[in-house]
Amino acid sequence: MEESQTPNTETEQSFLSIVVPVFREGVQLSAFLASVRDFLCQCNLPYELVLVDDGSPDETWRVIIGEAKSCQAIRALRLSRNFGKESALCAGLEHARGEAVIVMDADGQHPPSLLPDIVRMWQNSGADIVEAVKRKRGSESLSSKLGALLFYFILNKLSGFHFKGASDFKLMNRKALDAWLRMHERNVFFRGMTVWMGFTTVQIPFEVVPRSTGQSTWSVFKRLKLALIGITLHRSIDLVCV
Ligand code: UDP
Ligand code: MG
């Protein structure tokens, strides 16, 4: 894995980390980053943007490097090939140095405008996790909606946890993040495992907006694989100690 990094002058853990897995988002990445930076300014917190290029074949890495030249907050990681979103996300979490970390998608479907509310909720609630919950799913095919419904139904029956509206758009404080990192799980299902870990969580609803450009790179096969990981994982992990 390659890492491009600007020196960090902040003391460790005194700031916010935003972790973004990125695959084939070269066309609109700059606009996304500009929007993220705009909304982060309202939070009055120092931050770093941990961008993980998940082996994109397009101009994504060039765009990231270009952006990093003009923005000291960017830390860029490049995976040697496409490992999939969950792995990219894990790589980003391992490198995050903040007191809290927010994970979000790079395609604009997790609205950057929600960032100040998420941070405020974290600061005011004292919760370990702030979870952005889909008020309703975005425009998806019927098969995708039905597939998700069935998957969460099975997962609920097996685990006893409710995942309605669960998304990967969430903040974890350092305590939750360290517990996550200690699990050392390789086949991860981020949104399910963070619920399963059992930390105090507050929720904030959001609307999934349409992708800025392009289309989802998640094939039916990839979704099925993730669903299988999600279903089997909750049986294979023992417990999280804090
Ligand atoms: N992504 C990734 N690796 C992949 C596929 C996607 O890092 O192999 C990133 C992508 O750039 C985006 C996020 O994961 O930031 C969600 O991907 P996508 O929008 O394709 O998924 P969907 O919104 O359909 O769940
Ligand atoms: Mg998307």
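Everything numeric here is computed off the predicted structure, so don't read it as measured data.

Draft legend 1. Local environment of the pattern of salt bridges. Following the criterion strictly, the structure yields 13 salt bridges and no others. Of the charged contacts, one joins arginine 191 and aspartate 168 as a salt bridge, the two residues approaching to 3.0 Å between their closest N and O atoms. Taken together, the residues span a long stretch of sequence, with arginine 191 in helix 7 (residues 190-196) and aspartate 168 in the loop between helix 5 (142-159) and strand 7 (170-173) at a distance of 23 residues. The class for arginine 191 is buried, based on a relative accessible area of 14%. With a relative accessible area of 2%, aspartate 168 lands in the buried category. One salt bridge connects aspartate 178 with arginine 174, and the closest N-O pair in it is separated by 3.0 Å.

Draft legend 2. Here's a closer look at the coordination of the magnesium ion (ligand 2). At the metal site, the magnesium ion (ligand 2) is ligated by Asp107 (OD) and Gln109 (OE1), and these contacts range over 2.0 to 2.1 Å. Of the residues examined, aspartate 107 reaches a relative accessible area of 4% and is grouped as buried.

Draft legend 3. Inspection of the pairing of strand 5 (residues 100-103) at higher detail. Going residue by residue along strand 5, you find Ala100 and Ile102 tucked away on one face and Val101 and Val103 tucked away on the opposite face as well. Where strand 2 (residues 16-22) lies against strand 5, four bridges are found, and the strand directions are parallel. Bridge pairing in strand 5 places serine 17 opposite valine 101. For strand 5 and strand 7, the ladder comprises four bridges, and the chain directions are antiparallel. When the bridges of strand 7 are listed, alanine 100 appears paired with asparagine 173.

Reading guide: rules and limits
- Residues numbered from 1 in each chain as written.
- Chains lettered and ligands numbered in written order.
- Predicted model: local features only at pLDDT ≥ 70, side-chain atom pairs only at ≥ 80, totals over all residues.
- Heavy atoms only, no water.
- Salt bridge = Lys/Arg side-chain N within 4 Å of Asp/Glu carboxyl O.
- Helix = DSSP H or I, 4+ residues; strand = E, 2+ residues; numbered from the N terminus.
- Buried < 20%, exposed > 50% of the residue type's maximum accessible area, 1.4 Å probe, protein only.
- Donors = N, O, S within 2.8 Å, 3.2 Å for Na, K, Ca; no water.
- Pairing = 2+ DSSP bridges.

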